[in-house]
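Listed below are the residues making up each chain.
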Amino acid sequence: MDRRGAVLVAPAVVAVLFVLGAGLGSAVLQSVGLIPLVGDPALQFTGYVGEREVLAAVGLSLLIASASTSVAALVGLSTALLLVGSGRGRRMLAALVTASIPVPHLVGAASVGLLLSDSGLMSRWLGVPAQAWPSLVAGAWPTAVIFEYAWKESAFVALVVSASLASRLPDYQETAALLGARPWARFRHVALPLATPALLAASAIAFVYTLGSYEVAWLLGAAYPEPLPVLSYRLFTSTDLTARPDAMAVAVMTTVIAGSVALTALALLRRTAAWR
Amino acid sequence: MTTPLRTVRRTLVLLLLVWFALPLAPLVLWASSDTWRGASPLPQEWGVQAFTASLGDGVTSALLGSLAIGVVVAALATPAGAMAARALRLGTLKRPRLVASLLLAPVALPPFAVVMGLDVVLLRLHVPAALGVVLVLTVAALPYTTYLMRAAYVAYDFDYEDEARTLGASDLAIWWRVRLPLLAPGIAGATFLAFLVGWSDYIVTLLVGGGRLVTLPILIASTASGTGSEPRVAALSIAALAPPTVALALAALLRHRLLSARPHTTGKPKAPSPVHAVTLPRGAT
C-alpha cells in the first residue's frame, strides 16, 4: 500500500471517524442507560418504547420532510429547465437562485416568520386583519415550516440539477427537435431522464437535511406536536436528568431514519442508467 | 416556439421570480423602516434606524465570533478536503469507495444527534467549547470540500507537476506555481462553502457552546423568538447575509472579467450558464 495516499487522506478520515464514531456511539450508549448523568449504569430500553409524543414526532418529521422535499423537487426542476433554456428573465432568475443559496436556514425562518405571521407582511399586503389571518406560523399545520424548507431547498435542487444539465441538455434537445419531437416528448424523453440522477441526489440530501434540522421548526412550528430534533433537544435540556436516555433515543431514531433514506437513495442512484 | 408555450414559460418565470424573492422581502422592508405601524402595506418612515439601534448590544463580538468560526472551519476543511481528493485521484488508496463514502457520510446524518452524543465525550476529555464547535463544523464541511475538490481534480493533469519537477522546481514551487493556480476555482468554491458552514451554524454552537459562545445566528435566534423586535431581527439577518452575498457578487464579477479577458481559451464551445458562477451546495445548514 502506498503510504503517501494514506497520509494525505488521514486528517479528514480521522476527524470524521472521531466525530461520527464518538458522537453516535455515545448517543447509542446513553440511550440505553449505560452513561447516566446520575446513578449507576443500567441497561434499559424505555426510550425506544414508542410513546405517543415520539410517534407524533416521527409522523410530523416525515410529513414536513416529504411535503417540503416534494415541492422543492418540483419547483427546483422547473427552475433548472428554465435556467438551461434560452427564454427571457433567465439571468434574473439565476441571480435570485444563487443569492438564496447562502441564506442560513435560521435567517430564512426569521424572514418567513415576518412574512406569514398574523401581523406579517402578507397580512398587511393583502389587507387581512390579524385576527382573521390563518395561523400559518405555529398553527395546527406546519405550513410556515414546510414553506421555508421548500423555498430554500428548491434553490439547492435548481442549482444541482441545472449544473448537471447545462453541458448536455441543449445539444440533446436540438437533436430531438430536429428529429421532430414535440415539446412534451422532448421533456418526457430527453430532459427528464437526463435530470433524474441529479434530481434524486439533491432531493435525498434535502429530505435528510430537513429531517435532522432543528431551528426552522423550533422558530416557526407549534408547541405540540414537535418534530424529532425539537423533541430531542427539549428532552436533552430538560431539568429532569433522567430524561437524557429518552433524548438520546429520539436522536438515534432520527439518525436511523435519515441513514436509511440516504442508503435507499444511493441504491436507487446506482440503478439509474445515467449515473456516473 | 409556439405563442401559447411562450406565454406559459413567461408566466412560470415570473412566478418563480416571486417564489425566490418573496421570502426575503420582509427583511429588506423591516431593515429600512424607521416607523411601520398598524396594517399599512409599507413603512410610514424609511431610514437606517434598525441598524443604528441594533449596533452595540454585543453585535460586534457576535459578528467577530461568527467570522472566526467561519474562517477557521474554512482553513481546516479546505486543505483536508483537498488532500483527501488528491489521495482519491492518485488511485493508491486501499478502499477508495469506502473512504469516499465515509467522507460524504456527515451530510446524511443529523448534526444535532451527533453533537448531543459527543457532548459528554468532549466534556470528559476537557475539550474547550470553541475547539469542539470548530471540530464538529469542520467535519460537517468536509463532504462539501472533498466533493468540490474531487470535481476540481477530475480535470487536473498531473503531467504539469512532473514537467515542473523535471525542470528543477522544488516541491514548494510546484505547490505554489502549478497546483494552486490550476485548482484555484475549486479551492475558492470549497473555501466559500466551508466558511458558510461555520458562519451560518446555529445548533452545533448552541449545543456545544452551551450559551457561552455567542455568534450572529445565536443572537438572531434569541431576538427572533421574542416578539416586537422586527427591525432588529431584520437588521441582524441582513448583517448575516451581507458578507457571503458580497463575496458571491465579487466572485461572479471576477469570473466575468477573467472570461472576457481570455476569449480564445480552448474547449469552451458554449457560454456557461450564469448559475455556474457558484458551484453547488447549500447555504449550509
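Residues numbered from 1 in each chain as written. Chains lettered and ligands numbered in written order. Predicted model: local features only at pLDDT ≥ 70, side-chain atom pairs only at ≥ 80, totals over all residues.

> Please clarify how the overall build of chain B should be interpreted in this entry.
Check the secondary structure of chain B and you find 12 helices and two strands. Put simply, chain B runs from its N terminus to its C terminus through helices and strands in the order α-α-β-β-α-α-α-α-α-α-α-α-α-α. Across the 285 residues that make up chain B, the buried fraction comes to 43%. Considering only contacts within chain B whose residues lie at least 6 apart along the sequence, 75% involve residues at least 24 apart. (Helix = DSSP H or I, 4+ residues; strand = E, 2+ residues; numbered from the N terminus. Buried ≥ 20, exposed ≤ 12 C-beta atoms within 10 Å, placed from the backbone. Contact = placed C-beta atoms within 7 Å.)

> Hey, could you run me through the overall build of chain A in this one?
Scanning chain A from terminus to terminus reveals 11 helices and zero strands. Along chain A, from the amino end to the carboxyl end, the secondary structure elements read α-α-α-α-α-α-α-α-α-α-α. When its C-alpha atoms are laid out on the principal axes, chain A stretches across 75 × 70 × 30 Å. Taken over 276 residues, chain A has a buried fraction of 50%. A separation of at least 24 residues holds for 74% of the contacts in chain A among residues at least 6 apart in sequence.

> Just checking my understanding: could you explain the environment of B:R232 for this structure?
For B:R232, the position within the fold is in helix 12 (residues 230-261). Dropping the residues within four chain positions of it, B:R232 is found in contact with B:A50, B:S54 and B:T223.

> Could you clarify how one ought to interpret helix 6 (residues 143-166) of chain A in this entry?
In a regular helix each residue adds 1.5 Å, so 24 residues correspond to 34 Å; helix 6 of chain A covers 33 Å between its end C-alpha atoms and thus fits that length. The buried count for helix 6 of chain A comes to 22 of 24 residues, which makes it a mostly enclosed element. (Expected span 1.5 Å × (residues − 1).)

> Would you take a moment to explain the interface of chain B and chain A for this structure?
Contacts between the two partners involve 85 residues from chain B, matched on the other side by 86 residues from chain A. Secondary-structure elements contributing two or more residues to the side of chain B that touches chain A are helix 1 (3-21), helix 2 (25-31), helix 4 (59-90), helix 5 (96-108), helix 6 (111-124), helix 7 (129-154), helix 11 (216-224) and helix 12 of chain B. Among the elements that take part in the side of chain B that touches chain A, helix 6 of chain B stands out by supplying 10 residues, more than any other. Grouping the amino acids of the side of chain B that touches chain A by side-chain chemistry returns 65 nonpolar, 15 polar and five charged. (Nonpolar A, V, L, I, M, F, W, Y, C, P; charged D, E, K, R; others polar.)

> Looking at this structure, how should I read the nonpolar core?
One broad rule of soluble globular proteins: the nonpolar side chains tend to lie buried together. Counting 169 residues, the largest nonpolar core has A:V157, A:V161, B:V73, B:V136 and B:I220 as its most contacted members. Element by element, the count of residues in this core is highest for helix 6 of chain A, at 16 residues. Apart from the residues lying within four places of it in its own chain, the contact partners of B:V136 are A:V19, B:V115, B:L118, B:V204 and B:V208. (Core = buried A, V, L, I, M, F, W, Y, C linked by C-beta atoms within 7 Å.)

> When you look at helix 6 of chain B in this model, what are you seeing that I'm missing?
The periodicity of an α-helix, 3.6 residues per turn, causes residues three or four positions apart to be oriented the same way. Taking 1.5 Å as the rise per residue, helix 6 of chain B with 14 residues should run 20 Å; its terminal C-alpha atoms sit 20 Å apart, in good agreement. Most pronounced at B:L118, the bend in helix 6 of chain B amounts to some 35°. By the burial criterion, the buried members of helix 6 of chain B are B:P111, B:F112, B:A113, B:V114, B:V115, B:M116, B:G117, B:L118 and B:L122. Buried positions along helix 6 of chain B lie against helix 1 (3-31), helix 10 (228-236) and helix 11 (244-271) of chain A together with helix 7 and helix 10 (203-209) of chain B. Where helix 6 of chain B terminates, the next one or two residues include B:H126, which has phi positive at roughly 55°. (Bend = angle between axes of the 7 residues up to and from the residue.)

> Is there a simple way to think about the packing of helix 10 of chain A against helix 11 of chain A in this case?
A pair of packed helices can be characterised by two numbers: the angle between their axes and the separation between those axes. Residues and elements named next belong to chain A. Running from amino to carboxyl end, helix 10 crosses helix 11 at an angle of 155°, the nearest separation of the two axes being 8 Å. In terms of axis orientation, helix 10 runs roughly antiparallel to helix 11. The element helix 10 and its partner helix 11 pack so that their crossing is left-handed. Of the residues in helix 11, those touching helix 10 at L228, P229, L231, S232, L235 and F236 are D246, A247, V250, A251, M253 and T254. For the contact of helix 10 with helix 11, the per-class residue count stands at nine nonpolar, two polar and one charged. (Axes fitted to C-alpha atoms, helices over the stretch in contact; angles between N-to-C directions. Parallel < 35°, antiparallel > 145°, perpendicular 65-115°, else oblique. Left-handed = near helix turned anticlockwise from the far one by under 90°.)

> Whenever I open this one, the packing of helix 11 of chain A against helix 6 of chain B confuses me. Can you help?
Where helix 11 of chain A contacts helix 6 of chain B, the two axes come as close as 9 Å, and the packing angle between them is 140°. In terms of orientation, helix 11 of chain A and helix 6 of chain B fall into the oblique class. In terms of crossing hand, the pair formed by helix 11 of chain A and helix 6 of chain B is left-handed. Contacts between helix 11 of chain A and helix 6 of chain B pair A:A247, A:M248, A:A251, A:V252, A:T254 and A:T255 from the former with B:F112, B:A113, B:M116 and B:G117 from the latter. Each residue belonging to the contact of helix 11 of chain A with helix 6 of chain B can be placed in one class, and the counts come to seven nonpolar, three polar and no charged.

> Explanation requested: unusual backbone geometry in the structure shown.
Glycine aside, a negative phi is what most residues show, and trans is what most peptide bonds show. All names here are of chain A. Residues Y224 and P225 are joined by a peptide bond in cis, for which omega reads -10°. One can find P225 in the loop between helix 9 (215-220) and helix 10. Located in the positive-phi region is A138, a residue other than glycine, with phi close to 60°. Relative to the assigned elements, A138 resides in the loop between helix 5 (121-126) and helix 6. Of the residues examined, A138 has 17 C-beta atoms within 10 Å and is grouped as partly exposed.

> Explain the confidence of the model for chain B to me, please; I cannot follow it from the model alone.
When pLDDT is averaged along chain B, the result is 85, and 90% of the positions lie at 70 or above. Of the two predicted TM-score estimates for the complex, the pTM is 0.89 and the ipTM is 0.90. (pLDDT = per-residue confidence, 0-100.)

> I tried to follow the environment of B:P41 on my own but got confused; where do I start?
With respect to the element layout, B:P41 can be found in the loop between strand 1 (33-35) and strand 2 (45-46). Its 11 C-beta neighbours within 10 Å are what place B:P41 among the exposed residues. In the structure, B:P41 is positioned 56 residues away from B:R97 in sequence and 56 Å away in space, judged by C-alpha atoms. When neighbours within four sequence positions are excluded, B:P41 is seen to be in contact with A:R124 and A:W125.

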